[in-house]
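For reference, the chains in residue letters:
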Amino acid sequence: MTVLKDLKIWFDAMGTLPWTIRLWATFYPLPQVIGGLYFIQTAPGAVILFGRILSAIIASQIHKRAPFSKLMGPLGHAHWLLIVPYLIYYLSTQDPSQPLSWFIIYVIGTTSISGVIDVFELRTYLKRGHVEYNR
């Protein structure tokens, strides 16, 4: 139950961030969760859904120890370095339905954007140490 409590505390705390971060933090993972649920009977759908769940758990645990740390994104998304190549491989070797293909392309695109943001966040962390997001 502690993990669920930590997730709730983290979700509530996210509401204190600037609107730009809240917007991205909502519209980046939410469609992936919904799509993952919709396509859960496919391997990519299940992998994407469980990847989002793992990201939330990791971020909530980092937030528990270092609130709003610049490491939340880079560490919370590190496993996507394995998931994105799998999704690209899946698209190139399988013939998924058009809706699943579009969903996978959306996930690859938004996750790539997030990866670029994470590189800048990690750079900030490595240069300055523990730096919180401005609220």
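Residues numbered from 1 in each chain as written. Predicted model: local features only at pLDDT ≥ 70, side-chain atom pairs only at ≥ 80, totals over all residues. Heavy atoms only, no water.

**Digging into helix 4 (residues 43-65)**
Between its terminal C-alpha atoms helix 4 stretches 33 Å, which fits the 33 Å expected from 23 residues at 1.5 Å a residue. You can read the cap of helix 4 off the contacts: a side-chain oxygen lies 3.1 Å from the backbone nitrogen of Gly-45, and it is on Thr-42. (Helix = DSSP H or I, 4+ residues; strand = E, 2+ residues; numbered from the N terminus. Expected span 1.5 Å × (residues − 1). Polar contact = N/O pair within 3.5 Å; in protein donor to acceptor, adjacent residues only side chain to side chain.)

**Some points on the nonpolar core**
Judged by nonpolar contacts, Phe-39, Ile-48, Trp-80, Ile-83, Val-84, Leu-87, Tyr-90, Leu-100, Phe-103, Ile-104, Val-107 and Ile-108 together constitute the single largest core of 12 residues. At the level of elements, helix 6 (80-93) and helix 7 (98-128) are the ones that each hand at least two residues to this core. If we skip the residues at most four places from it in the chain, Val-84 touches Ile-108 and Thr-111. Ranked by size, the runner-up nonpolar core spans 10 residues in total, among them Trp-10, Ala-59, Ile-62 and Phe-68. (Core = buried A, V, L, I, M, F, W, Y, C linked by side-chain atoms within 4.5 Å. Buried < 20%, exposed > 50% of the residue type's maximum accessible area, 1.4 Å probe, protein only. Contact = heavy atoms within 4.5 Å.)

**Focus: the packing of aromatic side chains**
Going through the model one piece at a time under the given rule, you end up with 5 aromatic pairs. With a centroid separation of 5.0 Å and 40° between ring planes, the pair formed by Trp-10 and Phe-11 is classed as tilted. Taking relative accessible area as the criterion, Trp-10 reaches 11% and is therefore assigned buried. Geometrically, the ring pair formed by Tyr-38 and Phe-39 is edge-to-face, given 4.8 Å between the ring centres and 90° between the ring planes. The buried category is assigned to Phe-39, whose relative accessible area is 12%. Feature note: the residues Tyr-38, Phe-39 and Phe-103 constitute an aromatic cluster, connected by ring pairs. One residue, Arg-52, lies across the ring of Tyr-28, its end atom 4.7 Å from the ring centre. (Phe/Tyr/Trp six-rings, centres within 6.5 Å; stacked < 30°, edge-to-face > 60°. Lys NZ or Arg CZ within 6 Å of the ring centre and 35° of its normal.)

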